[in-house]
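Observations on chain architecture
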Amino acid sequence: MNQSGEITQEALDSTQYSTASIRQYESVFGEDFVSPGGYEMAVELIGKMKLERGSRVLDVGCGLGGSAFVMAREFGLIVDGIDLSKNMLALAGKKLSGYQLAKCVKFEQGDCLEMDRSEYYDAIYSRDVFLHITDKSRLFSVLNSLLKPGGKLLFTDYCCGEKRWTDEFSEYVKDRDYFLHTFPEYVKLISRAGLTQVDHQDLTDRFIVILQTELSKISGLDLAEPIRLKLAQSWRGKLDRAGSGDHRWGLFTAIKAS
Ligand SMILES: C[S@@+](CC[C@H](N)C(=O)[O-])C[C@H]1O[C@@H](n2cnc3c(N)ncnc32)[C@H](O)[C@@H]1O
């Protein structure tokens, strides 16, 4: 953790996002993705933003660049991706040159909390990144400042249910250094930063279906047996926690006031 209590690049790159772990996640989520639903979910959510071609979008925690590539290729958007993990961006950069999308997609290594580009983006998109960030008030205040008036925010994130956490769920969250919120808490945090038309959708049922599909995929992956077993165990754990209502998955949208 750094002095503000936020996870550091070194911590991410040496644990959850070591290059080996990223490759394992990618084999489950699908090429270029490290988030539930992979390509299909990205296409659906990017479509929901209803942006004009040529709009400028920030992908916060862009990971391997999957969503940024879809935005550029299939929606004609101009995308900046920022990610704290050097390992992610080393892989994303290679993919970017391979896909020849450098005219419309740029990647930057850094902490989104430190971004300072006033009223620059037509939209901010983020997929399952904010779980890593402690200071959500600062996060939404920064994102609000980066958006042009009328600009759109859309993100998905791991959330928690309203009931008291089980010991097993607390241990999982602590082990991952996640900072999870309930849906109402998230709505409050986004609204307090000055964003308007804040809306949310509970995607947990969808999450469960995605996890089941991913779990069956894991058994057929060409990975060493211990890794395959570890992944399957991790996915079964997510399914249990989502099924019991502890772990939830939310979609949030908001607009910067004009
Ligand atoms: C679960 S991965 C999702 C990657 C990508 N959004 C996707 O859908 O494939 C979370 C990403 O958030 C990044 N991240 C975590 N904290 C961050 C921060 N403060 N600023 C920028 N990126 C961050 C991690 O390095 C990681 O690549």
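Treat the numbers as computed from the prediction; the structure is a model and nothing was measured.

Cut-offs used in this document
- Residues numbered from 1 in each chain as written.
- Predicted model: local features only at pLDDT ≥ 70, side-chain atom pairs only at ≥ 80, totals over all residues.
- Heavy atoms only, no water.
- Helix = DSSP H or I, 4+ residues; strand = E, 2+ residues; numbered from the N terminus.
- Rg over C-alpha atoms; globule rule 2.2 N^0.38 Å.
- Buried < 20%, exposed > 50% of the residue type's maximum accessible area, 1.4 Å probe, protein only.
- Contact = heavy atoms within 4.5 Å.
- Areas by Shrake-Rupley, 256 points an atom, 1.4 Å probe, with all protein chains shown as cover.
- Lys, Arg positive; Asp, Glu negative; His and termini not counted.
- Charge placed at Lys NZ, Arg CZ, Asp CG, Glu CD.
- Near = heavy atom within 4 Å.
- Polar contact = N/O pair within 3.5 Å; in protein donor to acceptor, adjacent residues only side chain to side chain.
- Nonpolar A, V, L, I, M, F, W, Y, C, P; charged D, E, K, R; others polar.
- Axes fitted to C-alpha atoms, helices over the stretch in contact; angles between N-to-C directions.
- Parallel < 35°, antiparallel > 145°, perpendicular 65-115°, else oblique.
- Left-handed = near helix turned anticlockwise from the far one by under 90°.
- Expected span 1.5 Å × (residues − 1).
- Arc of directions from axis to C-beta.
- Phe/Tyr/Trp six-rings, centres within 6.5 Å; stacked < 30°, edge-to-face > 60°.
- Lys NZ or Arg CZ within 6 Å of the ring centre and 35° of its normal.
- Salt bridge = Lys/Arg side-chain N within 4 Å of Asp/Glu carboxyl O.
- Pairing = 2+ DSSP bridges.

**Some thoughts on the overall build of the chain**
Helix and strand content of the chain: ten helices and seven strands. What you see for the chain is a C-alpha radius of gyration of 17 Å, in line with the 18 Å of a compact globule of 258 residues. In terms of principal-axis extent, the alpha carbons of the chain reach across some 50 × 45 × 35 Å. Every one of the 258 residues in the chain was classed for burial, and the buried ones make up 53%. In the chain, of all internal contacts separated by at least 6 residues, the share reaching a separation of at least 24 is 77%. Carbon and sulfur atoms provide 49% of the accessible area of the chain, an area that totals close to 11900 Å². Between the centroid of the 32 positive side chains of the chain and the centroid of its 37 negative side chains there is a distance of 3 Å.

**Describing the site of the ligand**
Taken together, 20 residues lie around the ligand, and V34, S35, G61, D83 and D111 are the ones closest in. In the environment of the ligand, an oxygen atom lies 2.6 Å from a nitrogen or oxygen atom belonging to the side chain of S35. One of the backbone N or O atoms of L84 is found 3.2 Å from a nitrogen atom in the ligand. Taken by itself the ligand offers 600 Å² of open surface, and the protein chains cover 96% of this. Class assignment of the residues belonging to the shell around the ligand gives a composition of ten nonpolar, six polar and four charged.

**A look at the packing of helix α2 (residues 19-29) against helix α5 (residues 86-99)**
How two helices sit against one another is set out by the angle between their axes and by the gap between those axes. Following both chains from N to C, one finds α2 and α5 inclined at 60°, their axes separated by 9 Å at the closest point. Relative to α5, α2 is oriented oblique. In the crossing of α2 with α5, the sense of the turn from one axis to the other is right-handed. Each of T19, I22, R23 and E26 in α2 lies in contact with α5, whose residues at this interface are N87, M88, L91 and K95. Of the residues that constitute the contact of α2 with α5, the class distribution is three nonpolar, two polar and three charged.

**Focus on helix α9 (residues 204-219)**
Between its first and last C-alpha, α9 extends 23 Å over 16 residues, near the 22 Å set by a 1.5 Å rise per residue. All buried positions along α9 are accounted for by T204, F207, I208, I210, L211, E214, L215 and I218. Along the axis of α9, the buried positions cluster into a sector of 165°, meaning they face one direction only. Away from the buried face of α9 by more than 90 degrees, exposed residues D205 and T213 are located.

**Points about the packing of aromatic side chains**
Evaluated as defined, the whole model comprises 20 aromatic pairs. Aromatic side chains Y158 and Y178 sit 6.1 Å apart centroid to centroid with 90° between the ring planes, which places their arrangement in the edge-to-face category. On the criterion of sequence distance, the pair formed by Y158 in strand β5 (residues 147-160) and Y178 in the loop between α7 (167-176) and α8 (183-192) is long-range, its members being 20 residues apart. Ring geometry for F207 versus W249: centroids 5.5 Å apart, planes at 35°, classification tilted. Placement of F207 in helix α9 and of W249 in strand β7 (residues 247-256) is noted, with a sequence separation of 42 residues between them. Of the two residues examined, F207 and W249, each falls in the buried class. In textbook terms, an aromatic cluster arises when at least three aromatic residues are bridged by ring pairs, as seen for Y158, W165, F169, Y172, Y178, F207 and W249. The cationic tip of R241 hangs over the ring face of Y172; the distance from NZ or CZ to the ring centre is 3.5 Å.

**Digging into the pattern of salt bridges**
A full pass over the atoms with the stated rule returns 13 salt bridges. Two residues, R206 and E44, come together in a salt bridge whose shortest N-O distance is 2.6 Å. Separated by 162 residues along the polypeptide, R206 in helix α9 and E44 in helix α3 (residues 38-48) bring together distant segments of the chain. When salt bridges that share partners are traced, they join E26, D32 and K95 into one network.

**As for the sheet that holds β7**
Taken in spatial order, the seven strands make up an open sheet running β3-β2-β1-β4-β5-β7-β6, and their pairing is mixed. Unpaired on one side and paired on the other, β3 (105-109) and β6 (195-202) mark the two borders of the sheet. Put simply, the sheet's adjacent strands are angled 15° from each other on average, direction ignored. In terms of strand pairing, β5 meets β7 through nine bridges, oriented antiparallel. Of the residues in β7, the one forming a bridge with C159 is R248.

**Quick word on the environment of R228**
On the secondary structure map, R228 appears in helix α10 (residues 225-243). In sequence terms R228 and L45 are 183 residues apart; their C-alpha atoms lie 29 Å from each other. Beyond its immediate chain neighbours, meaning those up to four positions away, R228 contacts I218, S219, L221 and L223. A distance of 2.8 Å separates the side chain of R228 from the side chain of E225, its partner in a polar contact.

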